[in-house]
Amino acid sequence: MTLAPQVKATAVAPQSLGKVGVLMGGCSAEREISLLSGTGVLEALKRGGVNAVGFDTGRRSLAELAAEKFDRVFIALHGRHGEDGTIQGALELLGISYTGSGVLASALAMDKKATKRVWQSQGLATPRFAMLEAQTDLDAVVAELGLPLIVKPAREGSSIGLTKVTCAQEMREAYLKAAKLDGMVMAEEFVSGDELTCPLLGSGAQAQALPVIRVVAPEGNYDYQNKYFRDETRYLCPSGLSPAVEVEVQVLALQAYRTLGCRSWGRADIILRHSDGKPYLLEINTSPGMTGHSLVPMSAKAAGVSYDELVLLLAASADLELRPSDDWRPE
C-alpha cells in the first residue's frame, strides 16, 4: 500500500498537456465555490506555462465545448451535472480526456445512499441511516437512529441543506429544508468524534493517501460558511493523531475510494468516534475544492507538493486515466 510520504511531484512538460479547458461554474448549488476552484486551477496552469482556457458550463453549451477542441479538461465543477457523472459522460461522447473519476464512480459517490450501500456490502464502517419521504414516520426514524442525528440532501455537497437535529420536533423542518434541494433526503446517525479528511491521488493499486487533516470548526459546526468563507475553522495537518491511527484512517479512505472505483483524485471525509476511536466513512468527494480554504492542496503541501505542482499532476492524470472510449474518437 502506498501512503503520503511517497507522493512525488514529477516534472510535467506544459506543452505535453496541449490545450487544457478548465470546466468551472456550472449550475449546481455549489456554483460559487466551483468558480473559485476553477479560477485557482486556471491561474496555476497558466503560471506553469500551459495553454489553459476557462469554460463555464453553466453559461456555455456542449456545442461550444466541442468547438473549443480541448486536448483535455480539468474538471473543477462541484455538485450536480459536474460531479455526478453527467459531464463525464458528455466528455466521453466528445472524446475529450478529463481529470477525476469516470461516469459510474462519479454517479455513485454523488449519491450518498448508493455510496453507503456499496460500502456496507464490503464491510466498511459508515453511520446508520434512513431515507426520508413526505409520508415517513419521523418519530420512528428518531427512535431507530437516536438523537442527535443529521438530515441532509442525498445528492448535494458542501453541507448544503444539512441540519443537525437535536429534538424530534425539528425533524419536519429539517426534512423540508433538504427536500427543497433534492427529492432524496437522508437521515444519518450522528457520530460524535473528530472530523477528518483524507485526500487521495491515483487509481487502483497505485492510489496514494495523502496526510490526514483534522478539522476543528467553531462549536463543531463545519457548515458551508465555515468551510469556505470564515477563518475561525482550524485545519490541523499534521493531524495530531498517533501514527497508527493516521495509517488506519488512510487505509480506510483508500478502501472506500477503490471500492467505488474512483480514480485520478478524490477526498474521503471520515469521523473518528470519541467513544472508541473507530473511524466511520461519511462520504467521498470526486471533484474536491481547489480554493484558498480547500483541503486537498493543504494536505498535498504537507506531503511536499505545492498547489501549482498538484494542479499540473492532476491535469497530466487525464492522460494516464484510461477511459472506456479511449479506443474511439469522432472524426
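Keep in mind it's a predicted model, so treat the numbers as computed, not measured.

Caption draft 1: Representation of the overall build of the protein chain in the model. Assigned secondary structure in the protein chain consists of 11 helices and 15 strands. Relative to its full complement of 331 residues, the protein chain shows a buried share of 56%. Contacts in the protein chain between residues far apart in sequence, at least 24 positions, make up 69% of those at least 6 positions apart. Taken as a whole, the protein chain presents about 14,200 Å² of accessible surface, with 53% of it coming from carbon and sulfur.

Caption draft 2: Structural detail: the state of the cysteines. Across all of its chains, the model carries zero disulfides by this definition. Cys198 takes part in no disulfide bond, and the closest cysteine sulfur to it belongs to Cys237, at a distance of 9.7 Å.

Caption draft 3: Quick look at unusual backbone geometry. Following Leu147, the chain continues into Pro148 via a peptide bond in cis, with omega recorded as -10°. On the secondary structure map, Pro148 appears in the loop between α6 (138–145) and β7 (149–153). Cis geometry marks the peptide bond from Cys237 to Pro238; its omega dihedral reads 15°. As for its placement among the helices and strands, Pro238 is situated in the loop between β13 (234–236) and α9 (243–259). Of note, Lys69 is a non-glycine position whose phi angle comes to about 55°, a positive value. Mapping Lys69 onto the fold places it in the loop between α2 (62–67) and β4 (72–75). At Ser264, a position not held by glycine, the phi torsion is positive, near 80°.

Caption draft 4: Representation of helix α1 (residues 31–47). Along its 17 residues, α1 runs 24 Å from first to last C-alpha, staying within 8% of the 24 Å computed at 1.5 Å per residue. Considered for burial, the residues of α1 that qualify are Arg31, Ile33, Ser34, Ser37, Gly38, Gly40, Val41, Leu42, Ala44 and Leu45. Immediately beyond the C-terminal end of α1, within one or two residues, lies Gly49, with a positive phi of roughly 85°.

Caption draft 5: Representation of the pattern of salt bridges within the structure. With the rule as written, the count across this model stands at 13 salt bridges. Here Glu68 makes a salt bridge to Arg60, at a shortest N to O gap of 3.0 Å. Here the salt bridges do not stand alone but share partners, grouping Lys19, Arg60, Glu64 and Glu68 into one network.

Caption draft 6: Spatial organisation of the nonpolar core. Residues Leu17, Leu45, Phe74 and Leu310 are the most contacted members of the largest nonpolar core, which totals 28 residues. Excluding residues that lie within four positions of it along the chain, Leu45 makes contacts with Val20, Val22, Val50, Ala52, Val311, Leu312 and Ala315.

Caption draft 7: Local environment of the packing of helix α4 (residues 103–110) against helix α5 (residues 112–121). Remark: α4 packs on α5, axes separated minimally by 5 Å, with the N-to-C direction vectors making an angle of 100°. Between α4 and α5, the crossing angle belongs to the class labelled roughly perpendicular. Between α4, through Leu108, Ala109 and Met110, and α5, the contact on the second element is made entirely by Lys112, Ala114, Thr115 and Val118. Across the contact of α4 with α5, the residue classes break down as five nonpolar, one polar and one charged.

Caption draft 8: Highlighting α4. Residues of α4 that are buried: Ala105, Ser106, Leu108, Ala109 and Met110. Buried positions along α4 lie against α3 (86–94), α5 and β15 (279–285).

Caption draft 9: Representation of the sheet that holds strand β5 (residues 97–98). Spatially, four strands are ordered β3-β2-β4-β5 in an open sheet, and the strand pairing comes out parallel. Looking at the sheet topology across the chains shown, the edges are occupied by β3 (51–56) and β5. Alignment of β4 against β5, held across two bridges, turns out to be parallel. Considered in β5, the bridge of Arg72 is made with Ser97. Where α1 meets the sheet, its contacts fall on β2 (19–24), β3 and β4, and the angle it forms with β2 comes to roughly 160°.

Caption draft 10: Quick look at the pairing of β2. For β2, the buried fraction is high: five of the six residues fall into the buried class. As paired strands, β2 and β3 are joined by six bridges and run parallel to one another. Bridge pairing in β3 places Gly21 opposite Val53. Each parallel crossover has a hand, and the one from β2 via α1 to β3 is right-handed. With four bridges joining them, β2 and β4 adopt parallel strand pairing.

Caption draft 11: How the structure looks around the sheet that holds β7. Strand order in this open sheet of four strands is β6-β9-β7-β8, and the pairing throughout is antiparallel. Both edges of this open sheet fall to β6 (129–132) and β8 (163–165), since each of them pairs with a single strand only. Neighbour-to-neighbour, the strand axes of this sheet turn through a mean angle of 25°, independent of strand direction. Across five bridges, the pairing between β7 and strand β9 (residues 185–189) is antiparallel. Across the sheet, Val151 pairs through a bridge with Ala187, a residue of β9. Lying over the sheet, α6 contacts β6, β7 and β9, oriented at roughly 170° with respect to β6.

Scoring rules and cut-offs
Residues numbered from 1 in each chain as written. Predicted model: local features only at pLDDT ≥ 70, side-chain atom pairs only at ≥ 80, totals over all residues. Heavy atoms only, no water. Helix = DSSP H or I, 4+ residues; strand = E, 2+ residues; numbered from the N terminus. Buried < 20%, exposed > 50% of the residue type's maximum accessible area, 1.4 Å probe, protein only. Contact = heavy atoms within 4.5 Å. Areas by Shrake-Rupley, 256 points an atom, 1.4 Å probe, with all protein chains shown as cover. Disulfide = S-S within 2.5 Å. Expected span 1.5 Å × (residues − 1). Salt bridge = Lys/Arg side-chain N within 4 Å of Asp/Glu carboxyl O. Core = buried A, V, L, I, M, F, W, Y, C linked by side-chain atoms within 4.5 Å. Axes fitted to C-alpha atoms, helices over the stretch in contact; angles between N-to-C directions. Parallel < 35°, antiparallel > 145°, perpendicular 65-115°, else oblique. Nonpolar A, V, L, I, M, F, W, Y, C, P; charged D, E, K, R; others polar. Pairing = 2+ DSSP bridges. Right-handed = clockwise from strand over helix to strand, strands pointing away.

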